[in-house]
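Coordinate inspection notes
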Amino acid sequence: QVQLVESGGGSELAGGSLRLSCAASENIYSGYYMGWFRQVPGIEREGVAAIYTRGGYTYYADSVKGRFTISQDNAKNTVYLQMNSLKPEDTAMYYCAAARPGGVRPLIFSTYNYWGQGTQVTVSS
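**Here's the deal with the environment of Lys-76**
Residue position: Lys-76 is located in the loop between strand E7 (68-73) and strand E8 (78-83). In this structure, the C-alpha to C-alpha distance between Lys-76 and Cys-22, residues 54 residues apart in sequence, is 10.0 Å.

**Overview of the sheet that holds E7**
On the basis of which strands lie adjacent, the open sheet formed by four strands has the order E1-E3-E8-E7 and antiparallel pairing. Strands with a single pairing partner mark the edges of an open sheet, and in this sheet they are strand E1 (4-7) and E7. Direction aside, neighbouring strands of the sheet carry axes that sit 15° apart on average. When E7 meets E8, the two strands line up antiparallel, connected through six bridges. Counterpart to Ser-71 in the pairing with E8 is Tyr-80.

**Topic: the pattern of salt bridges**
The full count for this structure, using the stated rule, is four salt bridges. Glu-46 serves as the salt-bridge partner of Arg-38, at 2.8 Å between the closest nitrogen and oxygen. For Asp-62, the salt bridge is made with Lys-65, and the minimal N-O distance between the two is 3.2 Å. Each member of the pair, Asp-62 as well as Lys-65, is classed as exposed. Beyond isolated ion pairs, a larger network of salt bridges with shared partners links Arg-38, Glu-46, Arg-67 and Asp-90.

**Brief notes about the state of the cysteines**
One pass over the full model with this rule turns up one disulfide. Between Cys-22 and Cys-96 runs a disulfide, and the two sulfur atoms are separated by 2.0 Å. Judged by the torsion about the S-S bond (-75°), the Cys-22/Cys-96 disulfide is left-handed. Linking Cys-22 in strand E3 (residues 18-24) with Cys-96 in strand E9 (residues 92-99), this pair joins segments that are 74 residues apart in sequence. Comparing Cys-22 with Cys-96 shows no difference in burial state: the two are buried.

Cut-offs and rules
- Residues numbered from 1 in each chain as written.
- Predicted model: local features only at pLDDT ≥ 70, side-chain atom pairs only at ≥ 80, totals over all residues.
- Heavy atoms only, no water.
- Helix = DSSP H or I, 4+ residues; strand = E, 2+ residues; numbered from the N terminus.
- Pairing = 2+ DSSP bridges.
- Axes fitted to C-alpha atoms, helices over the stretch in contact; angles between N-to-C directions.
- Salt bridge = Lys/Arg side-chain N within 4 Å of Asp/Glu carboxyl O.
- Buried < 20%, exposed > 50% of the residue type's maximum accessible area, 1.4 Å probe, protein only.
- Disulfide = S-S within 2.5 Å.

Function cannot be read off these values alone, since they describe shape.
Now the structure itself:
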């Protein structure tokens, strides 16, 4: 199975930036959907961004469009989430997930096969 390790979380002020990284244990360039999801205790998990690694197609939640960018580095088997113009409402535990092609809904967590342990992002005003 695919192993995923997230990193890059931390604390930032509103308006600041963070870059999250998700390192995969195998070549994700062969064709995976890779997604970033976030969860606040007591609130439903939200799909933030996703990318199809073979063609580079990207998907974003309306709440982060224009502020967050998902990208991939094939040589490093890594997917990134660049988060700019951070807002306090971006505070959450962020999870990376991977899905094999076939029946995937890019921003729906239940359609993914693997996920990491998460990295905390805290944004204060």
